Amino acid sequence: MFGLSALFLARFQFAFTVGFHIVFPAFSIGLAAYLAVLEGLWLKTGRSAYLDLFKYWLKVFSVVFGMGVVSGLVMSYEFGTNWSAFSQKAGPILGPMLAYEVMTAFFLEAGFLGVMMFGLNRVGKGLHFAATCMVSIGTLISMSWILSSNSWMQTPRGYRIDEATGRFLPVDWWQIVFNPSFPYRIVHMGLAAFLCVAFIVAGVAGWHLLKARREGRQASEQVRLMFSMAMWMAAIVSPIQVLAGDTQGLNTLEYQPAKIAAIEGDWESESRAPELLFGIPDMKNETTHYKIAIPYMGSLILTHSLDGKVPGLKDFPKEDRAYSPLLFFSFRIMVALGMLMVLVGLWSLYLRWKGKLYDTPLLHRVALFMSPAGFLALLCGWVTTEVGRQPFTVYGLMRTADSVSPIALPSIATSMIAFIIVYFIVFMGGITILLRTFAEEPHADQHGPAEDQPQRAAGTTQVSHQPPSSPAAGAGMAE
């Protein structure tokens, strides 16, 4: 019992830290791309509203990026303190992949981040836009390496197990990096990051549209512009995300059928299986209570055939089954939120066609209410993916119980309490800063680098290009 309790707390600690962390990289990925689009549109059109929005969301990005870095550092220590057995055996594969993420992505982001944040009036417009694009590309590369590492744990390929040590040794890096689930998961995660930011932007714009309406004035050009852009993203990307999720489901059925059975709450494998809209899976009695089902839809959704066979949990040994109740509800919450996003996007298209996009308070209230929906769906998807892999860290090969460090329960409990206290202090402070920023409307008097002002690199002396106002002044400069 002592060992099981220590294992549970080690798992809970990692879930707690990852749950906090994953929100901020997703925010950074979507927001960096949004910033690149805004700056590119400003350079192309010369419309100052795009630059105003760029500066507005750049402040948000600086906070989000910093919080993401801080929260991510903790996990690298947890691999050594709580999961040393896993690190020792899987390290020859996952270690280099995480190192590649630092060398190819984090260095790229860090190298251009300062130029993006502080160089708008110090470097040329083209160079600054290139820096913004490099930061955005860096976030995407970082996501790729992290997802590749995690996908290998879900669908391991290209390895051999050393007989003497039990370590996973690389055989084919191409198969390791581009393992079977990686292409589907990177698309799904990338689209999720874009939707997270789209609904945050829509919520902020919705707030300011409602505020302007209460004050009896028209919303600013900047507010209307960012609401329009966010609704375009919701209308276009959310249906694509549904299709991406469907393809990932087909991949999961092929490579992780036990996860699908736990998600669906199915105990018996069957053809023409129903889709359970609601139920309460019972792991002890091997049944699902209070079923509300749609006939044949389970097979149609999972296999694209009415006669397709859907696996049941009884097909797998009890010790290899994931905890179905948690997966059942986390998956359905994710799907429900995704469908709501699709409906909001389609609704915005209709109102745009009618010319009422900015004159429908109900849509603005819905956008404000839905602003955290992307992140909630992301967290539910993460729970579905990671809990569905249990009881394995490397699916089918290495159990979670064999991955934990030989560490006593009091040590894990102490660090867990410290993490909870520090995380809530730091991140509640960060979220407070973000909410205060969101409460301010983008300023209409912000403009780009003045054409008549010199551009300079940091650390160099700024020399005026203006002619001296008097002969004496000119003589003074000459001296």
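Residues numbered from 1 in each chain as written. Predicted model: local features only at pLDDT ≥ 70, side-chain atom pairs only at ≥ 80, totals over all residues. Heavy atoms only, no water.

As annotated in an unreviewed UniProt entry, the chain carries the name Cytochrome D ubiquinol oxidase subunit I and is attributed to Gluconobacter albidus. Per its UniProt entry, the chain bears the Sequence similarities (unreviewed entry) comment "Belongs to the cytochrome ubiquinol oxidase subunit 1 family." (UniProt positions renumbered as here; feature names shortened; annotations may be inferred.)

Draft legend 1. Representation of the overall build of the chain within the structure. When helices and strands are counted, the chain shows 14 helices and 8 strands. Structurally, the chain occupies a C-alpha span of about 95 × 60 × 40 Å along its principal axes. Out of the 479 residues belonging to the chain, those deemed buried represent 48%. Of all intrachain contacts in the chain linking residues separated by at least 6 positions in sequence, the fraction that spans at least 24 positions is 78%. Here the chain carries 34 positive and 32 negative side-chain charges, and the mean point of each set is 5 Å from the other. (Helix = DSSP H or I, 4+ residues; strand = E, 2+ residues; numbered from the N terminus. Buried < 20%, exposed > 50% of the residue type's maximum accessible area, 1.4 Å probe, protein only. Contact = heavy atoms within 4.5 Å. Lys, Arg positive; Asp, Glu negative; His and termini not counted. Charge placed at Lys NZ, Arg CZ, Asp CG, Glu CD.)

Draft legend 2. Spotlight on the packing of aromatic side chains. In the structure shown here, the tally under the stated rule is 28 aromatic pairs. Ring geometry for Tyr-34 versus Trp-57: centroids 6.3 Å apart, planes at 70°, classification edge-to-face. Here the residue Tyr-34 occupies a position in helix α1 (residues 2-45), and Trp-57 occupies one in helix α2 (residues 48-81), the gap between them amounting to 23 residues. Taking the relative accessible area as the measure of exposure, Trp-57 reaches 0% and is therefore buried. (Phe/Tyr/Trp six-rings, centres within 6.5 Å; stacked < 30°, edge-to-face > 60°.)

Draft legend 3. Structural detail: a nonpolar patch on the surface. The grouping of Leu-277, Phe-278, Ile-280, Tyr-290, Ile-292, Ile-294, Phe-329 and Ile-333 at the surface amounts to a nonpolar patch, some 740 Å² of accessible area in total. Of all the secondary structure elements, the ones that give two or more residues to the nonpolar patch are β4 (275-282), β5 (287-294) and α10 (324-354). Residue placement: Phe-278 occurs in strand β4. In this structure Phe-278 comes out as partly exposed when scored by relative accessible area, which is 35%. (Patch = residues over 30% accessible without salt bridge, like charges linked within 9 Å, V, L, I, M, F, W, Y side chains within 5 Å. Areas by Shrake-Rupley, 256 points an atom, 1.4 Å probe, with all protein chains shown as cover. Salt bridge = Lys/Arg side-chain N within 4 Å of Asp/Glu carboxyl O.)

Draft legend 4. Spatial organisation of the side chain of Asn-82. Mapped onto the secondary structure, Asn-82 falls in the loop between α2 and α3 (84-118). For Asn-82, the side chain forms a polar contact with the side chain of Thr-81, separated by 3.5 Å. Contact partners of Asn-82, with chain neighbours within four places excluded, come to Ala-10, Gln-13, Ser-403, Val-404, Ser-405, Ile-407 and Ile-412. (Polar contact = N/O pair within 3.5 Å; in protein donor to acceptor, adjacent residues only side chain to side chain.)

Draft legend 5. Fine view of helix α13 (residues 409-439). In this model, α13 (31 residues) spans 44 Å end to end at C-alpha, consistent with the 45 Å of a helix rising 1.5 Å per residue. The complete set of buried residues in α13 reads Ile-412, Met-416, Phe-419, Tyr-423, Phe-427, Gly-430, Leu-434, Thr-437 and Phe-438. (Expected span 1.5 Å × (residues − 1).)

Draft legend 6. Molecular detail of the pairing of β4. Inspection of the sheet shows β4 paired to β5 by 6 bridges, in the antiparallel sense. Paired with Pro-281 across the bridge in β5 is Thr-288. Remark: 4 residues form the turn of the hairpin made by β4 and β5, two consecutive strands paired antiparallel; Glu-286 in that turn has positive phi of roughly 55°. (Pairing = 2+ DSSP bridges.)

Draft legend 7. Structural view of the pattern of salt bridges. In total, this model carries 11 salt bridges according to the counting rule given. Across the salt bridge formed by Glu-286 and Lys-318, the nearest N and O atoms sit 3.8 Å from each other. Of this pair, Glu-286 sits in the loop between β4 and β5 while Lys-318 sits in the loop between β6 (309-310) and α10, and the two are 32 residues apart along the sequence. Glu-386 serves as the salt-bridge partner of Arg-389, at 2.2 Å between the closest nitrogen and oxygen. One end of the pair, Arg-389, and the other, Glu-386, are both in helix α12 (residues 373-389), 3 residues apart, so they sit about a helical turn from each other. On the accessibility criterion, Arg-389 (5% relative accessible area) is buried.

Draft legend 8. Seen up close, the nonpolar core. Core analysis: the largest hydrophobic core is formed by 106 residues, its most contacted members being Phe-27, Tyr-34, Trp-57, Phe-61 and Phe-438. For this core, the element with the highest residue contribution is α1, accounting for 19 residues. Ignoring sequence-local partners within four residues, the contact set of Phe-27 consists of Val-60, Val-64, Val-197, Ile-200, Phe-375 and Phe-438. Counting 12 residues, the second largest nonpolar core, distinct from the first, contains Ala-261, Trp-267, Leu-313 and Phe-392. (Core = buried A, V, L, I, M, F, W, Y, C linked by side-chain atoms within 4.5 Å.)

Draft legend 9. Structural context of the packing of helix α4 (residues 125-154) against helix α6 (residues 182-214). The contact between α4 and α6 brings their axes to 9 Å, and the two run at 135°. Here α6 runs oblique to α4, going by the angle between their axes. For the pair α4 and α6, the crossing hand works out as right-handed. Within the contact between the two elements, α4 uses Met-143, Ser-144, Leu-147, Ser-148, Asn-150, Ser-151 and Gln-154 and α6 uses Phe-182, Arg-185, Ile-186, Met-189 and Gly-190. Residue composition of the contact of α4 with α6, by class: 5 nonpolar, 6 polar and 1 charged. (Axes fitted to C-alpha atoms, helices over the stretch in contact; angles between N-to-C directions. Parallel < 35°, antiparallel > 145°, perpendicular 65-115°, else oblique. Left-handed = near helix turned anticlockwise from the far one by under 90°. Nonpolar A, V, L, I, M, F, W, Y, C, P; charged D, E, K, R; others polar.)

Draft legend 10. Spatial organisation of the environment of Phe-112. The topology assignment puts Phe-112 in helix α3. When its relative accessible area of 29% is taken as the criterion, Phe-112 is described as partly exposed. Remark: the alpha-carbon pair of Phe-112 and Ser-330, spanning 218 residues in sequence, is separated by 38 Å.

Draft legend 11. Structural view of the environment of Ile-433. Within the secondary structure, Ile-433 is located in helix α13. For the pair Ile-433 and Ser-330, spaced 103 residues apart in sequence, the C-alpha separation works out to 30 Å.

Draft legend 12. Quick peek at the confidence of the model for the chain. Residues with a pLDDT of 70 or more make up 91% of the chain, whose mean pLDDT is 86. Here residues 446-479 is a poorly scored stretch, pLDDT under 50, and it has 33 contacts once near neighbours within four places are set aside; other chains count. (pLDDT = per-residue confidence, 0-100.)

Draft legend 13. Here's a closer look at helix α11 (residues 361-369). By the burial criterion, the buried members of α11 are Pro-361, Leu-363, His-364 and Ala-367. Down the axis of α11, the sector holding all buried residues measures 160°, keeping them to one side. In α11, the exposed positions that point more than 90 degrees away from the buried face belong to Leu-362 and Phe-369. In the core, the buried residues of α11 are packed alongside α6, α7 (221-255) and α10. (Arc of directions from axis to C-beta.)

Draft legend 14. Region of the structure containing unusual backbone geometry. Cis peptide bonds are those with omega within 30 degrees of zero, and the linkage from Gln-390 to Pro-391 qualifies with 10°. Of note, Arg-272 is a non-glycine position whose phi angle comes to about 50°, a positive value. With respect to the helices, strands and loops of the structure, Arg-272 is situated in the loop between β3 (270-271) and β4. A positive phi angle is found at Glu-286, which is not glycine, with a value near 55°.

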